Amino acid sequence: MRRKLDIEGIGMTSQRTRNRLVGRLREKGIRNEAVLQVISRTPRHLFVDEALASRSYEDTALPIGHGQTISQPYIVARMTELLLESALPPRKVLEVGTGSGYQAAILSSLVEKVYTVERIEPLFRAACELLYALGYRNVSAYLSDGSWGIVREAPYDAIIVTAAPETVPPALLEQLAMGGRLIVPVGKQGEVQVLQVITRQGETSYTILDHEYVQFVPMVSGKP
Ligand code: SAH
């Protein structure tokens, strides 16, 4: 994948273009200033193929190859906001579905430590290289089936899932810290999926809050 590596950039990659995106996110109801600020300074154009860079500050999902997409900025902002608004301030976060690495980059600036897991090797490699090149040093990336979580680093204060499982993988529930939040789109592909916020209240007790309807690529189990 060819990428534009001029981080400052001009024209379509300029600060003004990014600020316009932040304006649209505000209009759509994103209120968390820390999240908006990080989005305004994160170079999303570097996380997509050069051919799509001109569209990278539109509020839309874009293809990243292998049938996958970089999530729509509104969804990234919304999920990040939901994650930060937890009663347990998240220090240690697991992301399932690294994809381009964009969501991990956003989280990296807002929490102490990010673990991210991807099952498609070329996406995993490209994301690792890019996150490293851009200086995100508090992100550890894993190549694995994320429906098992990353048990070795558990528990997590928050877990964010950026691909939709039909039902919530039990391992992710088990790897949440007490009071921790799991943010996950749940539902069948081709049907409406619901963004759920699941909070761990006790050893085996969880509360589930349905937020909004969303559309994600499916969570797939096993090796590609
Ligand atoms: N957060 C990403 C969005 C990527 S789309 C970004 O910011 O770009 C969802 C990603 O989840 C895809 O890359 C897909 O390969 C990955 N995925 C799907 N099922 C998975 C699984 N079981 N384990 C790990 N990753 C998975």
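Residues numbered from 1 in each chain as written. Predicted model: local features only at pLDDT ≥ 70, side-chain atom pairs only at ≥ 80, totals over all residues. Heavy atoms only, no water.

As recorded by an unreviewed UniProt entry, the protein chain carries the name Protein-L-isoaspartate O-methyltransferase and is attributed to Thiothrix nivea. Looking at the Subcellular location (unreviewed entry) heading of the UniProt record, one finds this comment for the protein chain: "Cytoplasm". The UniProt entry for the protein chain carries the following text under Catalytic activity (unreviewed entry): "[protein]-L-isoaspartate + S-adenosyl-L-methionine = [protein]-L-isoaspartate alpha-methyl ester + S-adenosyl-L-homocysteine". (UniProt positions renumbered as here; feature names shortened; annotations may be inferred.)

**Student:** Would you explain the packing of aromatic side chains in this entry?
**Tutor:** Counted under the stated rule, the structure contains 3 aromatic pairs. Both rings, one in Phe 47 and one in Tyr 102, keep their centres 5.6 Å apart while their planes meet at 75 degrees; by these two values the pair is edge-to-face. Taken together, the positions of Phe 47 in the loop between α2 (33-41) and β1 (62-65) and Tyr 102 in helix α4 (residues 102-108) put the pair 55 residues apart, joining distant regions of the chain. Of the two residues, Phe 47 and Tyr 102, both sit in the buried class. Both rings, one in Tyr 115 and one in Tyr 156, keep their centres 5.8 Å apart while their planes meet at 65 degrees; by these two values the pair is edge-to-face. Here the residue Tyr 115 occupies a position in strand β4 (residues 113-118), and Tyr 156 occupies one in strand β6 (residues 156-161), the gap between them amounting to 41 residues. (Phe/Tyr/Trp six-rings, centres within 6.5 Å; stacked < 30°, edge-to-face > 60°. Helix = DSSP H or I, 4+ residues; strand = E, 2+ residues; numbered from the N terminus. Buried < 20%, exposed > 50% of the residue type's maximum accessible area, 1.4 Å probe, protein only.)

**Student:** Teacher, can you tell me more about helix α5 (residues 121-133) here?
**Tutor:** Counting along an α-helix, one turn takes 3.6 residues, and residues three or four places apart therefore face a common direction. With 13 residues, α5 extends 18 Å from end C-alpha to end C-alpha; this agrees with the ideal 18 Å at 1.5 Å per step. Along α5, the residues classified as buried are Leu 123, Phe 124, Ala 126, Ala 127, Leu 130 and Leu 131. On its buried face, α5 sits against β1, β2 (68-70), α4, β4 and β5 (139-143). The first or second residue beyond α5 is Gly 135, which carries a positive phi of 90 degrees. (Expected span 1.5 Å × (residues − 1). Contact = heavy atoms within 4.5 Å.)

**Student:** So what exactly am I meant to see when it comes to the sheet that holds β6 here?
**Tutor:** Two modes of strand pairing occur in sheets, parallel and antiparallel, and in both the strands are linked by backbone hydrogen bonds. Read across the open sheet, the 7 strands follow the order β5-β4-β3-β6-β7-β8-β9; overall the sheet is mixed. Two strands lie at the open edges of the sheet, namely β5 and β9 (206-214), each paired on one side alone. Pairwise comparison of adjacent strand axes, ignoring direction, gives a mean angle of 15 degrees for this sheet. Against the sheet, α5 touches β4 and β5, its axis set at about 165 degrees to β5. (Pairing = 2+ DSSP bridges. Axes fitted to C-alpha atoms, helices over the stretch in contact; angles between N-to-C directions.)

**Student:** Can you help me understand the packing of helix α1 (residues 15-27) against α2 in this one?
**Tutor:** When two helices pack together, their arrangement is given by the angle between the helix axes and by the axis-to-axis distance. With their axes 8 Å apart at the nearest point, α1 and α2 run at an angle of 150 degrees to one another. The orientation of α1 with respect to α2, classified from their angle, is roughly antiparallel. Seen from above, α1 lies across α2 with right-handed handedness. Touching Gln 15, Arg 18, Asn 19, Leu 21, Val 22, Leu 25 and Arg 26 of α1 are Glu 33, Leu 36, Ile 39, Ser 40 and Arg 41, all from α2. (Parallel < 35°, antiparallel > 145°, perpendicular 65-115°, else oblique. Left-handed = near helix turned anticlockwise from the far one by under 90°.)

**Student:** Got a minute to help me understand the site of the ligand in this structure?
**Tutor:** Among the 26 residues in the neighbourhood of the ligand, the closest are listed as Glu 95, Ser 100, Glu 118, Gly 146 and Val 220. Taking Gln 103, its main chain carries an N or O atom lying 3.1 Å from an oxygen atom of the ligand. Separating an oxygen atom of the ligand from a side-chain N or O atom of Glu 118 is a distance of 2.6 Å. Among the secondary structure elements, those contributing two or more residues to the shell around the ligand are β2, α4 and β4. Among the elements that take part in the shell around the ligand, β2 stands out by supplying 3 residues, more than any other. For the shell around the ligand, the residue count by class is 10 nonpolar, 12 polar and 4 charged. (Near = heavy atom within 4 Å. Polar contact = N/O pair within 3.5 Å; in protein donor to acceptor, adjacent residues only side chain to side chain. Nonpolar A, V, L, I, M, F, W, Y, C, P; charged D, E, K, R; others polar.)

**Student:** Looking at this structure, I do not really get unusual backbone geometry. What am I missing?
**Tutor:** Negative phi values dominate among residues other than glycine, just as trans dominates among peptide bonds. Each neighbour pair has its own omega, and for Ala 154 with Pro 155 the value is 0 degrees, a cis peptide bond. Following the sequence through the fold, Pro 155 ends up in the loop between β5 and β6. Unlike most non-glycine residues, His 66 shows phi in positive territory, near 55 degrees. If you trace the backbone, His 66 turns up in the loop between β1 and β2. For His 66, a relative accessible area of 47% translates into the label partly exposed.

**Student:** Honestly, the environment of Ser 40 in this entry has me stumped. Any pointers?
**Tutor:** Along the polypeptide, Ser 40 turns up in helix α2. The sequence separation of Ser 40 and Leu 21 amounts to 19 residues, and the corresponding C-alpha distance is 7.8 Å. Dropping the residues within four chain positions of it, Ser 40 is found in contact with Gln 15, Arg 18, Asn 19 and Val 22.

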